[in-house]
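# Fold and contact review
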Amino acid sequence: MRILISNDDGIYSPGLAALAEVASKFGEVRVVAPDVEQSSMSHAITSSRPLSYRRTVVASFTGRFEAYRVNGTPADCVALGAHNWEKIDVVLSGINLGTNLGSAVWHSGTLAAAKQAALLGLRGIAFSTPVTDSEPDFRAIAPWVERSLTMLLAEKDLPLVNVNVPVKPAGICWTRQSVQHYDGRVVPGTDPMGRAHYWYTVVPITEFEEGTDRWAMEKRLVSVTPLRLDLTDDALLAAGRKHHGCGGDGVVG
Ligand code: MN
């Protein structure tokens, strides 16, 4: 099995090396990741300048992995990785330092790398874990990443999956994406020269519904959310077609 690994935290992230190490138990691993952090870049692609693809090394506790760094986004990395390595079976992204739950899926570069794989007709699985007071203990969560991969790779029809691993997992739970709104606040400040600047901070609204990704993480369960590329709201589409129809010269009943 050929496994391409990417992330949005950048080529030097310890989460990337941890994921490569777990993935190497399942097949041949190659890492293609951004040369600098690209968190919150979502699915941006670089279309106004050329990209470089430079050989480097990613080392974990036990192994060294063939790796390339790209001066682009997570989606760029997966596109270049797939171009330069044929017959990839699955693209793994992460392990992100920070969860990607609920509405964070819209901003996440980690998810975008997996989504880029799905857009190319490959499989994509994203992994994220919380950052608390200390760095994540990747040795502790690695067995849960491995268990999740064993389960997910055995399934044939799962193009895109979002996995979040809590600090000390108690089990694995399939979940749906929570759609609670967040508190997106702009915080003004001044730089050392006295010029105005701003931080855009996103704080999730903490209520969560049972069965969602956020709910599972609160219960210390690994959250596994299958996602789809088609964002169409089927109920609204049916209602819109019924009321407004569809035709070449405007509204047809
Ligand atoms: Mn990140």
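To keep things clear, this report deals only with the structure shown in the data block.

The rules behind the values
- Residues numbered from 1 in each chain as written.
- Predicted model: local features only at pLDDT ≥ 70, side-chain atom pairs only at ≥ 80, totals over all residues.
- Heavy atoms only, no water.
- Helix = DSSP H or I, 4+ residues; strand = E, 2+ residues; numbered from the N terminus.
- Rg over C-alpha atoms; globule rule 2.2 N^0.38 Å.
- Buried < 20%, exposed > 50% of the residue type's maximum accessible area, 1.4 Å probe, protein only.
- Contact = heavy atoms within 4.5 Å.
- Areas by Shrake-Rupley, 256 points an atom, 1.4 Å probe, with all protein chains shown as cover.
- Lys, Arg positive; Asp, Glu negative; His and termini not counted.
- Charge placed at Lys NZ, Arg CZ, Asp CG, Glu CD.
- Donors = N, O, S within 2.8 Å, 3.2 Å for Na, K, Ca; no water.
- 1 Å grid on protein atoms, 1.4 Å probe; cavity = no way out; pocket = protein on both sides within 12 Å on 5 of 7 lines; lining within 4 Å.
- Points joined across faces, edges and corners; volume = space filled by probe spheres on them.
- Nonpolar A, V, L, I, M, F, W, Y, C, P; charged D, E, K, R; others polar.
- Axes fitted to C-alpha atoms, helices over the stretch in contact; angles between N-to-C directions.
- Parallel < 35°, antiparallel > 145°, perpendicular 65-115°, else oblique.
- Left-handed = near helix turned anticlockwise from the far one by under 90°.
- Salt bridge = Lys/Arg side-chain N within 4 Å of Asp/Glu carboxyl O.

### Section: the overall build of the chain
Tallying secondary structure elements over the chain gives 6 helices and 11 strands in all. At 20 Å, the chain has a C-alpha radius of gyration in line with the 18 Å of a compact globule built from 253 residues. Across the 253 residues of the chain, 46% fall into the buried class. Put simply, of all contacts in the chain between residues at least 6 apart along the chain, 73% involve residues at least 24 apart. Accessible area for the chain stands at about 13700 Å²; split by element, carbon and sulfur atoms hold 53% of it. A gap of 4 Å separates the mean positions of the 24 positive and 27 negative side-chain charges of the chain.

### Considerations on unusual backbone geometry
Residue Ile-95 is bonded to the preceding Gly-94 through a cis peptide linkage, with omega at -10°. Relative to the elements of secondary structure, Ile-95 occurs in strand β5 (residues 90–97). With phi around 60°, Lys-87 is a residue other than glycine that occupies positive phi space. Following the sequence through the fold, Lys-87 ends up in the loop between α2 (74–84) and β5.

### Quick look at the coordination of the manganese ion
Those protein atoms acting as donors to the manganese ion are Asp-8 (OD), Asp-9 (OD), Ser-39 (OG) and Asn-96 (OD1), and they sit at 2.1 to 2.3 Å. Spacing between the donor residues of the manganese ion along their common chain follows D-D-x29-S-x56-N. Remark: Asn-96 occurs in strand β5 and Asp-8 occurs in the loop between β1 (2–6) and α1 (14–23); sequence separation between them is 88 residues. A residue is classified by how much of its surface remains accessible, and Asn-96, at 7% relative accessible area, is buried.

### Considering the layout of surface pockets
One number sums up the size of the largest pocket: a volume of about 670 Å³. Forming the walls of the largest pocket are 22 residues, and the residues nearest its centre are Gln-177, Leu-227, Arg-228, Asp-230 and Leu-231. If you list the elements that add at least two residues to the lining of the largest pocket, you get α3 (109–119) and β11 (221–226). Of the residues belonging to the lining of the largest pocket, the class tally is 9 nonpolar, 7 polar and 6 charged. Its boundaries defined by the atoms lining it, the second largest pocket holds a volume of some 540 Å³.

### Remarks on the packing of α1 against helix α4 (residues 138–154)
Two elements in contact, α1 and α4, have axes separated by 10 Å at closest approach and are oriented at 50°. Taken together, the axis directions place α1 and α4 in an arrangement best described as oblique. Classified by chirality, the crossing of α4 by α1 is right-handed. Every residue of α4 that contacts α1 at Pro-14, Gly-15, Ala-18, Leu-19 and Val-22 is listed here: Phe-138, Ala-142, Val-145, Glu-146 and Leu-149. The residue makeup of the contact of α1 with α4, split by class, is 8 nonpolar, 1 polar and 1 charged.

### Remarks on the pattern of salt bridges
In the structure shown here, the tally under the stated rule is 5 salt bridges. With a shortest N-O distance of 2.8 Å, Arg-185 and Asp-183 are connected by a salt bridge. A relative accessible area of 48% means that Arg-185 is categorised as partly exposed. According to the relative accessible area criterion, Asp-183 is partly exposed, its value standing at 30%.

### Here's the deal with the side chain of Arg-214
Mapped onto the fold, Arg-214 is located in helix α5 (residues 213–218). One buried charged residue, Arg-214, forms no salt bridge at all, with the nearest opposite charge on Asp-213 at 5.3 Å.

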